Amino acid sequence: MPRYRIRYSKKGPARFISHLDLLRTFERAIRRAGLPVAFSQGFNPHPKFSFGAPLPVGVPGENEYMDIELAEEMPPGDIVKSLGGALPGGLDLEAVFQVPDNSPAIMSLIDRAGYTVRLDFNEPIDAGLFERCMSDLLALPELQVTRTNKEGRKKTHDIRPGIFKLEGVVYGDVAVLEMEIKTGSAGNIRPEEVIRELTGIGNLPVAEYGIHITRNVLYAPGGRSLDE
Amino acid sequence: MQQTLEKILPHVQKPSRYTGGEWNAIIKEWHNIDVKIAFAFPDVYEVGMSHLGLQILYHVVNSRRDALMERVFAPWMDMEGMLRKHRMPLFSLESRRPLADFDIVAFTLQYEMTFTNVLNMLDMAGLPLRSAGRNKNHPLIIAGGPSAFNPEPLADFVDAFVIGEGEEVLGDIIDLYKTTGYLSREDLLEKLATIQGVYVPSLYRIQYGTDGSVTSFAAVSGAPEKVVKRVLSDFDRAPFPSNPVVPYMGVVHDRIMLEVLRGCTRGCRFCQAGVIYRPVREKSPDTLARQAVELVQNTGYDEISLTSLSTTDYTRIRPLVTELLNQLEHKGVGISLPSLRVDAFSVDLAKEVQRVRRSSLTFAPEAGSQRMRDVINKGVTEENLLDAVTASFGAGWHAVKLYFMIGLPGELEEDLDGIAELAIKVLQAGLQCRVAKGRLKVTVSASSFVPKSHTAFQWEPQNTLGELKRKQFYLKEKLKKEKKIAFNWHDPETSFLEAVLARGDRRLGDVLETAWRLGARFDGWSECFNYDLWHRAFRENSIDPGEYAYRRFNYEDVLPWDHIDAGVDKKYLIWEHKRAMAGVLTPDCRAGRCPGCGLCPALEIKPELPGGDDYAPLQNPLQ
């Protein structure tokens, strides 16, 4: 069955859609659009589409990915037109392209993500101090963080190898960070973990509700584009 | 406000409750609209968005060029805390405007246990709680829905109630408001009271005796003595949304709700819906098929629920289901029946339509003995039930749920024994049908009878809390050795308070306000309900709630809701009450013989059964 890769954005009210609800939302949009989607076999058939790395609730995504299988070939432009017109506010199609029928699942291709983070501080921050925090963090040979799993057990992980890029600028009491970190089924770092470690180094006073994260882009290993 | 909202939304549970922006939501150009209405649902988003009435009225109002309707729901307690902390007023989902900016705020009262949420939403909107404290600079506060049929506990807080079906009367209110919005609040309310179905409580002077009955009653300023409910005729052509709002998040009823008929004439004597939604009106099969196809196209849902009080009573249900399956099955769209009548026909139908097999079927015999089922006019026999469950087990279901009520008028120990015996017989039917022993399950759910206004049982006392608890314990003990029977019961304190409010009067307004001030919210949610708060509220106002729940009214008493006319003759309800006490059944008026409830002549309407046999109601034998 012909396979299509869809790049879309999830912003505004749609950024609060949970991953489970996003499945439902796309399933309904696909039906409204009348796309000839392929169905899984079995007792309770469901449309064949799959998502890349889930976004945390509340985090906007500029370039997210999903794959969809259709029962017949369709020009990608027609998919943009029909599905794009059936999506609720905040979900927009950015690009659609056909991929080989046997290409690996989108989830398995995703390796890293690029984020922009705006940090609001309670007071102006010295630019030099902020620079030092970043370079100190990047200079660490390892960076152990503690995570709690679903059963409530604590486990430590070294996140340093998964931090590929960390840059930032301070404007008074606001800092804007750009980071690329490990994302996907082979290991995942949450941007909040990096921020916690970074602001912890310099004891930087982050304001209440002062962390604003946007996921800009998802990459294949080595930072290669997924648009192929 | 917008910025603060963006900041706090990531920090509350289920933020999609508050964002708006869903598919088919309607945002109009605010400044070009004459009358702006907020539909206020006093429960969380997931509950409110499962309510068909909201979708219908949203469609009706937004179809007008001169009016708009936006939605607001009760914020969950975490969001309430955030909004209050940041001093943000309660806002509508569509344009994110404070409720105070609207001309009219329209609450729906689906359940008595949402009343404190009504007060809380008014307060969060920054509006004076009481009608007397508001003027023409505040939005007009109106309320409708089933609990408006005894509006008295909320009489001090709501400016005008809408009694009966809202589709047409809301239009009348908008038309009037357009030309009289400049009037003082008092003058506007007097004008509103001239619309049939609109009840303006401030135009009625009511005093009560110690027994709870009305001792003096006066309508002033030309308000009618009785407010007669509104009801739609030509239901087949009633406005129905083909573009309902489709939530982002999973809601309680997350599917198309296609209303196939309104009303129910089975005449169960405890049932308020059976009275207030009379007469029975069906849509034609053609209309339903057309609406079903449009709804699937416009929403993208993969399931249609055929909703009504009793869908298997739809005259041409089988041909309808066949037609819908023919049109929609190839699109992967399934059909579901929300409730099943207790008979084998209904089970066969469920087997035919339910593409996605739910694990259990639910039946409501309501009472355990034939005597008690005759008292409540349930019209179901043990044979009906055993046929139904045998058909279910035979068709591959291995779990059934049975709904019963305890505390019904005149209930004896043997009636409770009947519930346990019936549950065991159902279990045995499962064993006989060779349902795998590991999977066979019978769930018995016992709720407590709540006497409701406008029913044949409106005069009856509720069982005391102690009696209800004892009966629950008795049943639990009786069923505990049956490992395959699960027994659930409702919190009796909730049912008690429901009875107090359902038969309450204006003296409860102070109690409601006190309970709300003490922190009562979401009283219908067992995790939020705190009876202690209510206990304190009653005590602070020197009101004994037992006098409301446990009082027995006499036939001659003027009841606190007697000026609200649901169309069914009070003499008929008395006749029905006497028949109940004698254990005599009253047949469904659909079956051909009109028992004479008096509604059709009083409201100049007839049952509508398009596609069924033509129907001629008999004269009221009581007159």
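Note that the coordinates shown come from a computational prediction; the quantities given were computed from them, not determined experimentally. (Residues numbered from 1 in each chain as written. Chains lettered and ligands numbered in written order. Predicted model: local features only at pLDDT ≥ 70, side-chain atom pairs only at ≥ 80, totals over all residues. Heavy atoms only, no water.)

### Description of the overall build of chain B
Filter applied, for reference: By the criteria applied, helices consist of DSSP H or I runs no shorter than four residues and strands consist of E runs no shorter than two, each listed in order from the N terminus. The reference for a compact globule is 2.2 Å times residues^0.38; the radius of gyration itself is calculated from the C-alpha atoms. With a 1.4 Å probe rolled over the protein chains alone, any residue whose accessible area is under 20% of its type maximum counts as buried; one over 50% counts as exposed, and the rest are partly exposed. Note on areas: Shrake-Rupley, 1.4 Å probe, and residue coverage restricted to the protein chains presented here. By the counting rule applied here, Lys and Arg register as positive and Asp and Glu as negative, while His and the ends of each chain are not counted. By convention, the point assigned to a charge is CZ for Arg, NZ for Lys, CD for Glu and CG for Asp.
Scanning chain B from terminus to terminus reveals 22 helices and 19 strands. Taking 2.2 N^0.38 as the reference for a compact globule, 623 residues should give roughly 25 Å; the C-alpha atoms of chain B span a radius of gyration of 24 Å, in line with that estimate. Counting all 623 residues of chain B, 61% fall into the buried class. Summed over all atoms, the accessible surface of chain B reaches about 23700 Å², with 49% contributed by carbon and sulfur. Side-chain charges of chain B comprise 75 positive and 81 negative groups, with the mean position of each set lying 3 Å from the other.

### Let's talk about the sheet that holds strand β18 (residues 485-489) of chain B
Residues and elements named next belong to chain B. The test is simple: At least two bridges found by DSSP between two strands is the condition for calling them paired. Fitted lines through C-alpha atoms give the axes, limited to the stretch in contact for helices. The angle between two N-to-C directions lies from 0 to 180 degrees.
Here we have four strands laid out as an open sheet, ordered β15-β16-β17-β18, and parallel in their pairing. In the strand order of this sheet, the two ends are held by β15 (360-366) and β18, each with one partner. Direction aside, neighbouring strands of the sheet carry axes that sit 20° apart on average. Where strand β16 (residues 399-406) meets strand β17 (residues 441-448), eight bridges bridge the pair, whose relative direction is parallel. The residue of β17 that forms the bridge with Met405 is Ser447.

### Thoughts on the environment of Glu72 of chain A
Residue and element names in this part refer to chain A. Under the convention used in this document: Contacts between residues were defined by any pair of non-hydrogen atoms, one from each residue, lying within 4.5 Å.
Structurally, Glu72 can be placed in the loop between β3 (61-69) and α2 (76-84). A relative accessible area of 48% places Glu72 in the partly exposed class. In the structure, Glu72 is positioned 51 residues away from Glu123 in sequence and 58 Å away in space, judged by C-alpha atoms. Not counting residues up to four positions away in its chain, the partners in contact with Glu72 are Pro2, Tyr4 and Pro36.

### Let's talk about unusual backbone geometry
Residue and element names in this part refer to chain B. Across the junction of Arg278 and Pro279, the peptide omega takes the value -5°, indicating a cis bond. With respect to the element layout, Pro279 can be found in the loop between α9 (273-276) and β12 (281-282). Of note in this structure, Arg96 is not a glycine but carries a positive phi near 55°. On the secondary structure map, Arg96 appears in the loop between α5 (77-85) and β3 (104-108). On the basis of relative accessibility, which here comes to 13%, the residue Arg96 falls in the buried class.

### Examining the domain arrangement of chain B
Residues and elements named next belong to chain B. As a reminder, the rule being used: Boundary definitions for the domains trace back to an automatic or database domain assignment. Here's the idea: put two parts together, see how much 1.4 Å probe accessible area each one loses, and the total over both is what we call buried area. In what follows, salt bridge is the name for a side-chain nitrogen of Lys or Arg lying within 4 Å of a carboxyl oxygen of Asp or Glu.
Each assigned domain of chain B is listed here: domain 1 (2-228) and domain 2 (255-507 + 543-565). Taken over C-alpha atoms, the centre of domain 1 sits 30 Å from the centre of domain 2. If you look at the interface, domain 1 gives 38 residues, while domain 2 gives 34 residues. Interface of domain 1 and domain 2: buried area, both sides summed, is about 3000 Å²; carbon and sulfur atoms make up 55% of it. The tally of links from domain 1 across to domain 2 stands at five salt bridges. Elements supplying a minimum of two residues to the side of domain 1 that touches domain 2: α4 (52-62), β7 (204-208), β8 (214-219) and β9 (227-228).

### Details of the domain arrangement of chain A
Residue and element names in this part refer to chain A. When cut into domains, chain A gives domain 1 (3-109) and domain 2 (112-223). The straight-line distance from the C-alpha centre of domain 1 to that of domain 2 is 29 Å. Across the contact, 13 residues belong to domain 1 and twelve residues belong to domain 2. Here domain 1 packs against domain 2, burying approximately 950 Å² in sum over the two surfaces, 55% of which is carbon and sulfur.

### Comments concerning the pattern of salt bridges
By the definition in use, this model includes 66 salt bridges over all chains. Taken together, the shared-partner salt bridges in this structure form one network comprising Asp34, Arg64, Asp66, Asp175 and Lys178 of chain B.

### Re the confidence of the model for chain B
What counts here: Per-residue confidence from the prediction method is given by pLDDT, with values spanning 0 to 100.
Averaged over every residue, the pLDDT of chain B is 94; residues scoring 70 or more account for 97%. Predicted confidence is poor over residues 614-623 of chain B, with pLDDT under 50, and the contacts of this stretch with residues over four places away or in other chains come to 20 contacts.

### Quick look at the environment of Leu497 of chain B
Its location among the elements puts Leu497 of chain B in helix α17 (residues 492-502). For Leu497 of chain B and Glu482 of chain B, which are 15 residues apart along the polypeptide, the C-alpha to C-alpha distance reads 32 Å.

### A short note on the pairing of strand β6 (residues 144-148) of chain A
Residues and elements named next belong to chain A. Note that β6 and strand β7 (residues 154-158) share five bridges and pair antiparallel. In the strand pairing of β7, Val145 is matched with His157. Counted along the chain from β6 to the antiparallel partner β7, the turn is five residues long, and its residue Gly152 has a positive phi close to 90°.

### Remarks on the sheet that holds strand β2 (residues 67-73) of chain B
Residue and element names in this part refer to chain B. An order of β2-β1-β3-β4-β5-β6 is seen for the six strands of this open sheet, with the pairing classed as mixed. In the strand order of this sheet, the two ends are held by β2 and β6 (198-199), each with one partner. In this fold α4 packs onto β1 (35-41) and β2, with an angle of close to 155° to the strand it touches most, β2.

### Thoughts on the side chain of Arg278 of chain B
Residues and elements named next belong to chain B. Rules: Under the rule applied, a polar contact is a pair of N or O atoms within 3.5 Å (in protein, one hydrogen donor and one hydrogen acceptor; residues adjacent in sequence only if both atoms are side-chain atoms).
Residue placement: Arg278 occurs in the loop between α9 and β12. Despite being buried, Arg278 has no salt bridge partner; Glu576 is the closest side chain of opposite charge, sitting 6.7 Å away. Only 2.9 Å separates the side chain of Arg278 from the backbone oxygen of Gly274, close enough to count as a polar contact. Beyond its immediate chain neighbours, meaning those up to four positions away, Arg278 contacts Lys229, Val231, Cys264, Thr265, Gly267, Val568, Cys597 and Leu599.

### Thoughts on the confidence of the model for chain A
Scored by pLDDT, chain A has a mean of 93; 100% of the residues are at 70 or more. Taken element by element, chain A is modelled with least confidence in strand β2 (residues 49-51) of chain A, mean pLDDT 91, and with most confidence in strand β9 (residues 174-182) of chain A, mean pLDDT 97.

### A word on the side chain of His51 of chain B
Residue and element names in this part refer to chain B. With respect to the helices, strands and loops of the structure, His51 is situated in the loop between α3 (45-48) and α4. Residue class for His51 comes out buried when judged on its relative accessible area of 17%. Reaching out from His51, the side chain makes a polar contact with the side chain of Gln110 at a distance of 3.3 Å. In this structure, His51 is in contact with Phe39, Phe41, Thr108, Gln110 and Met257, ignoring residues within four places of it in sequence.

### Re the interface of chain B and chain A
Put simply, the rule is: Under the convention adopted here, Pro, Cys and the residues Ala, Val, Leu, Ile, Met, Phe, Trp and Tyr are nonpolar, Asp, Glu, Lys and Arg are charged, and Gly plus all remaining residues are polar.
Of the residues lining the interface, 33 residues belong to chain B; the matching set on chain A comes to 25 residues. When chain B packs against chain A, the two sides together hide about 2200 Å² of surface, and 55% of this comes from carbon and sulfur. The largest share of the area that chain B buries against chain A comes from Lys7, Trp23 and Tyr248 of chain B, three residues that together contribute 30% of it. With a closest N to O distance of 3.4 Å, Arg24 of chain A and Asp254 of chain B form a salt bridge. The interface formed by chain B and chain A contains eleven residue pairs in polar contact (both at pLDDT 80 or more). At the level of elements, α1 (2-8), α2 (16-19), α5 and α10 (285-299) of chain B are the ones that each hand at least two residues to the side of chain B that touches chain A. A per-element tally of the side of chain B that touches chain A places α10 of chain B first, with four residues. A class-by-class count of the residues in the side of chain B that touches chain A yields 14 nonpolar, eleven polar and eight charged.

### Some details on the packing of helix α7 (residues 166-180) of chain B against helix α8 (residues 185-192) of chain B
Residue and element names in this part refer to chain B. Filter applied, for reference: What makes a crossing left-handed is the near helix being turned counterclockwise from the far one by less than a right angle; a clockwise turn instead makes it right-handed.
With their axes 11 Å apart at the nearest point, α7 and α8 run at an angle of 145° to one another. Helix-helix and strand crossings are classified by hand; for α7 and α8 the assignment is right-handed. Only Leu188, Lys191 and Leu192 of α8 make contact with α7, whose side of the interface consists of Ile173, Leu176, Tyr177 and Thr180.

### Considering helix α12 (residues 344-353) of chain B
Residues and elements named next belong to chain B. What counts here: Our arc is simply the arc of the directions from the helix axis toward the C-beta atoms.
Looking at α12, one finds that the buried residues are Ser346, Val347, Leu349, Ala350 and Val353. Seen end-on, α12 carries its buried residues on one side only, within an arc spanning 160°. Considering only its buried residues, α12 is in contact with α11 (317-328), β14 (334-336), β15 and α14 (382-394).

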